[in-house]
Amino acid sequence: MQSRGVKQGRVGVFSRRPQRLSVQLFGVLAALGFLFPVLAAAQVPQRLREADLKTLQDAFTSLADRVRPSVVAISTYEVVRGGGSEGNPRQVHIAHSQGSGVIFRADGHILTNHHVIEDAEDIRVMLFNGEELPAKLVQSDARSDLAVLQVERANLRPAQLGDLSKVRQGQWTFAFGNPFGLGNHNGRTSFSVGNVSALDRALTEQLDPTQKRYYGNLIETTSAINPGNSGGPLFNIDGEMMGVVTAIESRSGVSEGIGFAIPICERTKRIIDTLAAGHEVRYGYLGVNVDDVSLALRRELGLTRSGGAIIRSFAKGASPSAQANLRQNDVIVEFDGVPIENADHLVRLVGATQVGSAAAVKVMRDGKLESTTLALNERPDLDAGRPQFAQWLGATLAEPSDEQLASLNITRENAGIAVVRVRSDSRAYAAGLRDQQMIMRFDGKRVHTIAEFEAAVQRAGRHMRLELSDHTIVHIEEEGVPLTQSMNR
């Protein structure tokens, strides 16, 4: 099941190291600035104003002291084997990614993002006291972008998990993490202050155009978040963990004031417990592509109430939706007794429903309310049988899906290689390659598949010329850099 949204700005998940660092002071001053006009308007003496600010500052420092031992810095490595003597091959560890994590059980269980540890062969965790430990991956889940690690240490200080039901817009937020890898060597993670600027953000398509992951119901925060913060905790003023820091919206690749966190809610807690037990997460599946119901569409369909999710299309093959005789343009207004707020809300409800269980569904069809009951399947591997994705110079490349081709009105014969995502700290980005572009020619020759692109890279010299679908020319000066392929990036 997929939900569609409107792309605004450049949104990205970050766990890699950028090449430059900017120090920002005015963000904290601006966050506190509202206190001055309020106190001045109340004609409070100068001594009391200073005391109030000192009390606020003490609250922040006390919080930092309390939660710091629960936060860790994470570094991951790829292991390259070759050379050395017979029977004792040489191993070289190449830095792969960096991020943050939070201890959530005293026995060494650590929560982080799936994208922080994805494809890593060696994972290292730096505790707040500077002790580095090897970490074992217990289990990870790409769809929720969560992963659980474990280190061989007991009596660690776990963070206290909060609950989304208590989170309100305007509350203070405190992000702890490892921006730019600054905590990799001594475990001294960074602390930034902000507030909850919005709730219930749905950014799946912007953060992962492949739809492999689901980014919905996110907490938006103004706490400074930068590459390397991924997987770290977002706390409230009481030291309760509100969410897992995951992404920022940025046009420069670094913090511009808006970040996003996966909320700690009952759904997230169930996923964490499942991963900590070493089990894979199973998601309910309806087999429909849905969208929000706009005001104009509500009027057109004669709907008298807001909310709901309209069925735009159906997944191929047998699915619960086909068996229940749901139709295109049906508006799902209730699922298993819960009124549907929007498409993202339906995605969450369906995914959290036990596989195989029966669910009652109500839809508006031709102005009439219809009811049906269906049994949910397990969400299939939607990438099965699709072309491989590949990593090259910090860019994620893929053969475009049928849905992408249809949306662009392009046949597969006339398509190229889709640029899914480009890391802002990468060589591909520096050369001018950007998200959502399509590479049509490599050194003057058409490329339709990842295999053709890889062959072109192998033939190329140091200078490579990429022609894009918008007629842009990108020149890359690099030599001997192969593609790294994987089925489920």
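Residues numbered from 1 in each chain as written. Predicted model: local features only at pLDDT ≥ 70, side-chain atom pairs only at ≥ 80, totals over all residues. Heavy atoms only, no water.

Okay, the overall build of the chain next. For the chain, the count of helices and strands is twelve helices and 32 strands. Among the 489 residues that make up the chain, the fraction classed as buried is 50%. A total of about 23,100 Å² of accessible surface is found on the chain, and carbon and sulfur atoms cover 49% of it. (Helix = DSSP H or I, 4+ residues; strand = E, 2+ residues; numbered from the N terminus. Buried < 20%, exposed > 50% of the residue type's maximum accessible area, 1.4 Å probe, protein only. Areas by Shrake-Rupley, 256 points an atom, 1.4 Å probe, with all protein chains shown as cover.)

As a further point, take the environment of Leu111. Its location among the elements puts Leu111 in strand β5 (residues 109-112). Expressed as a C-alpha distance, the spacing of Leu111 and Val72, which sit 39 residues apart in the sequence, is 9.7 Å. Not counting residues up to four positions away in its chain, the partners in contact with Leu111 are Gly101, Val102, Phe104, Leu146, Ala147, Val148, Gly231, Met241, Val244 and Ile272. (Contact = heavy atoms within 4.5 Å.)

This brings us to the pattern of salt bridges. Counted by the stated rule, this structure contains 16 salt bridges. As a salt-bridge pair, Asp330 and Arg365 come within 2.7 Å of each other at their nearest N and O atoms. Here Asp330 is found in the loop between α8 (320-323) and β20 (331-335), whereas its partner Arg365 is found in strand β22 (residues 358-365), with 35 residues between them in sequence. Neither residue differs from the other here; Asp330 and Arg365 are each classed as buried. Close ionic contact of Arg348 with Asp344 constitutes a salt bridge, the shortest N to O distance being 2.8 Å. Taken as a pair, Arg348 and Asp344 lie in helix α9 (residues 343-352) at a separation of four residues, close to a single helical turn. One connected set of salt bridges, linked through shared partners, spans Glu118, Asp145 and Arg213. (Salt bridge = Lys/Arg side-chain N within 4 Å of Asp/Glu carboxyl O.)

Right, let's talk about the packing of aromatic side chains for a bit. One pass over the full model with this rule turns up eight aromatic pairs. Note on Phe60 and Phe174: the rings are 5.1 Å apart at their centroids and 70° apart in plane angle, and the pair reads as edge-to-face. Pair noted here: Phe60 is in helix α3 (residues 46-67) and Phe174 is in strand β11 (residues 172-177), with a separation of 114 residues, a long-range link. For Phe60, a relative accessible area of 9% translates into the label buried. (Phe/Tyr/Trp six-rings, centres within 6.5 Å; stacked < 30°, edge-to-face > 60°.)

Our next topic: the pairing of strand β18 (residues 288-292). Within β18, four of the five residues are buried, which leaves the element mostly enclosed by the surrounding structure. Taken together, the five bridges between β18 and strand β19 (residues 309-314) define a ladder with antiparallel strand orientation. Along β19, the bridge assignment pairs Val288 with Phe314. (Pairing = 2+ DSSP bridges.)

By the burial criterion, the buried members of helix α6 (residues 266-276) are Arg267, Thr268, Ile271, Ile272, Leu275 and Ala276. Around the axis of α6, the buried residues are gathered within 165° of arc, so they sit on the same side. One or two residues past the end of α6 sits Gly278, with phi positive at roughly 85°. (Arc of directions from axis to C-beta.)

In terms of nonpolar packing, the biggest core is built from 32 residues, with Leu111, Leu146, Leu218, Phe235, Met241 and Val244 touching the most fellow members. Among the elements of the structure, α3, β9 (146-150), β11, β15 (240-249), β16 (258-263) and α6 are those that each provide at least two residues to this core. A per-element tally of this core places α3 first, with five residues. Leu433, Val447, Ala460 and Val474 belong to the second largest nonpolar core, which has 24 residues in total. (Core = buried A, V, L, I, M, F, W, Y, C linked by side-chain atoms within 4.5 Å.)

Relative to the helices and strands, Asn113 is located in the loop between β5 and α4 (114-117). Considered as a pair, Asn113 and Gly99 are 14 residues apart in the sequence and their alpha carbons are 8.4 Å apart. Within the structure, the side chain of Asn113 is placed 2.9 Å from the backbone oxygen of Asp145, a separation counted as a polar contact. (Polar contact = N/O pair within 3.5 Å; in protein donor to acceptor, adjacent residues only side chain to side chain.)

Among the surface-exposed residues, Val80, Val92 and Ile94 lie close enough to one another that they form a single nonpolar patch of about 210 Å² accessible area. Along the chain, Val92 falls in strand β4 (residues 88-103). (Patch = residues over 30% accessible without salt bridge, like charges linked within 9 Å, V, L, I, M, F, W, Y side chains within 5 Å.)

On a regular strand, each side chain points to the face opposite its neighbour's, so the side chains alternate between the two faces of the sheet. Pairing analysis gives five bridges linking strand β8 (residues 136-141) to β9, with the strands arranged antiparallel. For Lys136, the partnering residue across the bridge sits in β9 and is Gln150. Turn length for the β8-β9 hairpin, with the two strands adjacent in sequence and antiparallel, is four residues, and the turn residue Asp145 shows positive phi of about 55°.

All right, on to unusual backbone geometry then. Although it is not a glycine, Asp145 adopts a positive phi angle of roughly 55°. Positive phi is not limited to glycine here, since His471 has a value of about 70°. If you trace the backbone, His471 turns up in the loop between β30 (463-468) and β31 (473-477). On the accessibility criterion, His471 (72% relative accessible area) is exposed.

Time to look at helix α12 (residues 450-459). Among the residues of α12, those classed as buried are Ile450, Phe453, Ala456 and Val457. Down the axis of α12, the buried side of the element spans an arc of 120°, and every buried residue falls inside it. In α12, the exposed positions angled more than 90 degrees off the buried face are occupied by Ala451, Gln458 and Arg459.

To continue, consider the confidence of the model for the chain. Summary statistics for the chain give a mean pLDDT of 79 and a share of 79% for residues scoring 70 or more. Contacts of residues 16-32 to residues separated by more than four positions or lying in other chains number 27 contacts, the stretch itself having pLDDT below 50. Long-range and interchain partners of residues 484-489, a stretch whose pLDDT sits below 50, account for 26 contacts in this model, where long-range means more than four residues apart. (pLDDT = per-residue confidence, 0-100.)

To continue, consider the environment of Gln391. With respect to the helices and strands, Gln391 occurs in strand β25 (residues 389-392). Judged by relative accessible area, Gln391 falls into the buried class, the value being 15%. Distance from Gln391 to Arg421, taken between C-alpha atoms, is 9.6 Å for residues 30 residues apart in sequence.

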